[in-house]
Structure formats: C-alpha cells, structure tokens
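The chain contents come next:
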Amino acid sequence: MEWDWESIGYNSCCLIAGLFVFQNGADLFIDHGEIIAQRAGVSETLVALLIAGSEWEELAVVVASILQNRSSIGLGNVVGSSISNILGAFALGLLLYPDHVVVFDRSSKIYAGALFLVTTIFTLLAYGGRLDFTGGIFFLVLFAIYLFSMGSAVYEGFLTAPQDDGDEETPDDAERPRLDISIYSATLQVPPSEASPLISPNSPPSQYRLVYHLAMFVVGLMALSLSGYVLSHSATTLAVDFHLNGTLVGMTILAFATTLPEKLHSTLEGVKGHSGMLVATTAGSNIFLLTLCLGVLFISQGEGEYSRELGDELLGFEVWTAWTCSLVLAIIVFMGGRRWMGPLLLGCYVAFIGSEFYIFKR
C-alpha cells in the first residue's frame, strides 16, 4: 500500500493552520455576538445558553461537510466531539481540580440529567433506525424544548445559566468594602449621573463602537466558515490518503482537534475549582451537538435513502460509548467526583481512540 506523502504533509499542514483560524474565528464570533445581543436588549438568559453553552464552531464544520457532500465527516465529528468533551475535557478538569473531592451544585445535576436524557433519546433513535430526515426534525424540536425549559428554569431562579467566569464575584470580593470611585491617571472620578454623563466628550459615539462589534462578528463568521471548509476538506483528503472511512476520521482526529479549546477551558475551570462551570459547559456543549447539529445534518440529507445510509455509518460501539459517557457524567455529578477519576476517564478515551483505529477500523 503506497501513500502519497506530499498530499499527507500538505493536508496535515492545512488541518493545523485551519485549527488556528478556526479557534480565533470562534472567539471573535462568540465574544462580539454576545456584546451585540446585549446591546440589542436580548435576554441575558438566552445569551448565556446560546453563547456559553454552545458549539457554534462544530456547527460550522457540520455545514462545511454538508456543502462538500461529506456528511459522514460531520456526523463523526459531532458524535466524536460529544465523547471527547466528557472523556477528554471534563476529565482534565477533574484531574486538575484543587480538592480531592469535587462537589457539584443543583444546577450541575440538572445539566447532567438533561444531557443523559438527550443522549438516551439519541441512542433510542439510532437503534430504532430513525437517524434520518424525520429524526432530524425531532432533534431540532428537542433543541427548542431544551432552550425553552432551561431558559424558563434560569429565569425563575431554579437554575444557574453558564456564564463567563470573569463576571463572577468571589467571596472575598463580596465582603470587601467598595468605594464608588475610581482613579485613572491621577484623576479622581465619580460614578456617572445626570450631572456627569456616562460618555465623556472625548469618547467616540456609541454607534461607531457597535459598528466595530458588528464588523468583528462578521469577520469571525467568515473565519469560521472558511476554516470549517478547510478542516472538512483536509480531513476528507487525509481519510482518502490513509484509506480510512470519513466517519472514522471525523470521530477521532477531527473531533479531538476541534475540542482542544474545550479541553483548555476545562483545564482552567478545574484549576480554579469552578465545578459548576465545568459541568455546564460540558453538558451544554453536548446537548447542542446532539440536538441542533444532528438536526441540521440529517435534515440536509432530505427524505431519501441517503439520509438512512448516513445514519448507518455509525457503529453500535460508538453510539453506546456516547450514551455510557453521559451516564458516567451523571453518576459523577450526582455522587460526587474524585481527582483519580480524571486519569481513569482519559485512559478510557485513549482506549476508545485505539479501538476505533485497530478494532473497528473502516
């Protein structure tokens, strides 16, 4: 078996370069999209659920794979990412948690339970042969139900929405007395009032700042679209070069690469001891993947036989692994986590990757 090393080297470089553009584009798209939504008066609850707990970058890869008629790459990436988020990102958070025992709050248990329910529905549809156009519609409806139910729970104060840790207030900060003044360049300033407006005469008009955020949002969207195309195309070519199935490449190489930001984020959350954010981002991301991303993927195939053939690309081993991961996450959250569980989950992820390449190779 001869390999085209020139093509392998070129597409590997494209994959790595695309990942850098992919991550920077995702940061621009999400950060400035959140600012625009807040400026437009969109509910903070909706912004938190759609921004902090979502996988828009994975959706970009799915759309790019659809446009290139390589939907198997997108399917593998979605399911593989849902596994990688738990066995990889969540495991790193547990491993680096400052305490030996990790205690999770009520919101974490609700998120974990919701993910287990969604993954169970996905598993039942997969084994019932309903991963097709009809199943895609069901996934989109399920995503809408998720948004409505979680948004209502957050609005009623029953659930805490995922949010940026930069906005959290530590206990020390809450107890420390505050002065409503600030000093910049030896100039004493007081809070804005009718006598002292919020915007100083030298500040640019607010519409120009909004235009800047809109421009950065569009740049991020373009970077996501282009990098998603590059990632999908390079992964497809590498699959051909190595004589591998597209679903396998999406399930392993592409899923691992596109979830690197989640692994870094979970590492930081684990070091800071933010168990709630660790679970919220993991569960929220997986629910987004298994509802909206799968819904878009299967609806795009139409009602023909090709839609059912795409669902048949998944192996029972992969479906059961995704379900088992959600079950393990729920057990850890409800029973309490331990630091030693992190290396154990990482070992399971290595075993999963090895099984895909050497046992279930397609």
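The structure we're discussing is the one just above.
Cut-off values and rules
Residues numbered from 1 in each chain as written. Predicted model: local features only at pLDDT ≥ 70, side-chain atom pairs only at ≥ 80, totals over all residues. Heavy atoms only, no water. Helix = DSSP H or I, 4+ residues; strand = E, 2+ residues; numbered from the N terminus. Buried < 20%, exposed > 50% of the residue type's maximum accessible area, 1.4 Å probe, protein only. Contact = heavy atoms within 4.5 Å. Axes fitted to C-alpha atoms, helices over the stretch in contact; angles between N-to-C directions. Parallel < 35°, antiparallel > 145°, perpendicular 65-115°, else oblique. Left-handed = near helix turned anticlockwise from the far one by under 90°. Nonpolar A, V, L, I, M, F, W, Y, C, P; charged D, E, K, R; others polar. Core = buried A, V, L, I, M, F, W, Y, C linked by side-chain atoms within 4.5 Å. Salt bridge = Lys/Arg side-chain N within 4 Å of Asp/Glu carboxyl O. Polar contact = N/O pair within 3.5 Å; in protein donor to acceptor, adjacent residues only side chain to side chain. Patch = residues over 30% accessible without salt bridge, like charges linked within 9 Å, V, L, I, M, F, W, Y side chains within 5 Å. Areas by Shrake-Rupley, 256 points an atom, 1.4 Å probe, with all protein chains shown as cover. Expected span 1.5 Å × (residues − 1). Disulfide = S-S within 2.5 Å.

**With respect to the overall build of the protein chain**
Line of reasoning, step 1. Along its length, the protein chain carries 14 helices and 4 strands.
Line of reasoning, step 2. A total of 362 residues make up the protein chain; the buried ones form 47% of that total.
Line of reasoning, step 3. Restricting the contact set of the protein chain to residue pairs at least 6 apart, pairs at least 24 apart contribute 87%.

**Structural notes on the packing of helix α1 (residues 5-39) against helix α3 (residues 56-67)**
Helix packing geometry: the angle between the two helix axes and the distance between the axes.
Line of reasoning, step 1. Axis separation between α1 and α3 bottoms out at 9 Å; the angle between their running directions is 120 degrees. Taken as axis vectors, α1 and α3 run oblique relative to one another. The hand of the α1/α3 crossing is right-handed. Counting all contacts with α1, which are made through Phe22, Ala26, Phe29 and Ile30, the residues of α3 involved are Trp56, Glu57, Glu58 and Val61.
Line of reasoning, step 2. In the contact of α1 with α3, the residues fall into 6 nonpolar, no polar and 2 charged.

**With respect to the nonpolar core**
Line of reasoning, step 1. By size, the foremost hydrophobic cluster in this structure holds 56 residues, and its most contacted members are Phe90 and Leu294.
Line of reasoning, step 2. Secondary structure elements with two or more residues in this core: α3, α4 (71-95), α5 (106-127), α6 (133-155), α11 (275-299), α13 (316-335) and α14 (341-358).
Line of reasoning, step 3. Here this core gets 13 residues from one element, more than from any other, and that element is α11.
Line of reasoning, step 4. Contacts of leucine 294, omitting those with residues within four sequence positions, involve Leu75, Val78, Phe122, Phe139 and Leu289.

**What about the pattern of salt bridges?**
Line of reasoning, step 1. One pass over the structure, following the stated rule, counts 1 salt bridge.
Line of reasoning, step 2. The salt bridge partner of arginine 130 is aspartate 132, with a shortest N-O separation of 3.8 Å.

**Some points on the side chain of threonine 281**
Line of reasoning, step 1. As for its position among the elements, threonine 281 is in helix α11.
Line of reasoning, step 2. Reaching out from threonine 281, the side chain makes a polar contact with the backbone oxygen of leucine 278 at a distance of 3.3 Å.

**Let's talk about the side chain of serine 72**
Line of reasoning, step 1. Examined against the element boundaries, serine 72 turns out to sit in helix α4.
Line of reasoning, step 2. On the basis of relative accessibility, which here comes to 17%, the residue serine 72 falls in the buried class.
Line of reasoning, step 3. Apart from residues no more than four positions distant in its own chain, serine 72 is found in contact with Gly246, Thr247, Leu310 and Glu313.

**Describing a nonpolar patch on the surface**
Line of reasoning, step 1. Together, Leu95, Leu96 and Val271 make up a nonpolar patch on the protein surface, roughly 220 Å² of accessible area in all.
Line of reasoning, step 2. Assignment of secondary structure puts leucine 95 in helix α4.
Line of reasoning, step 3. Look at leucine 95 and you get partly exposed, because its relative accessible area is 30%.

**Quick word on the environment of histidine 100**
Line of reasoning, step 1. Along the chain, histidine 100 falls in the loop between α4 and β1 (101-102).
Line of reasoning, step 2. With 240 residues separating them in the primary sequence, histidine 100 and tryptophan 340 have C-alpha atoms 8.1 Å apart.
Line of reasoning, step 3. Leave out the neighbours within four places in its chain, and histidine 100 touches Gly337, Arg338 and Arg339.

**Here we look at α1**
Given 3.6 residues per helical turn, the α-helix brings residues three or four places apart onto the same face.
Line of reasoning, step 1. Over its 35 residues, α1 extends 50 Å from the first C-alpha to the last, a length consistent with the 51 Å expected when each residue adds 1.5 Å.
Line of reasoning, step 2. Among the residues trailing α1, glycine 41 stands out with phi positive, at a value near 85 degrees.

**Comments concerning the state of the cysteines**
Line of reasoning, step 1. If you walk through the whole model with that rule in mind, you get 0 disulfides.
Line of reasoning, step 2. Of the cysteine sulfurs around cysteine 325, a residue in no disulfide, the closest is that of cysteine 348, at 8.1 Å.
Line of reasoning, step 3. On the basis of relative accessibility, which here comes to 4%, the residue cysteine 325 falls in the buried class.

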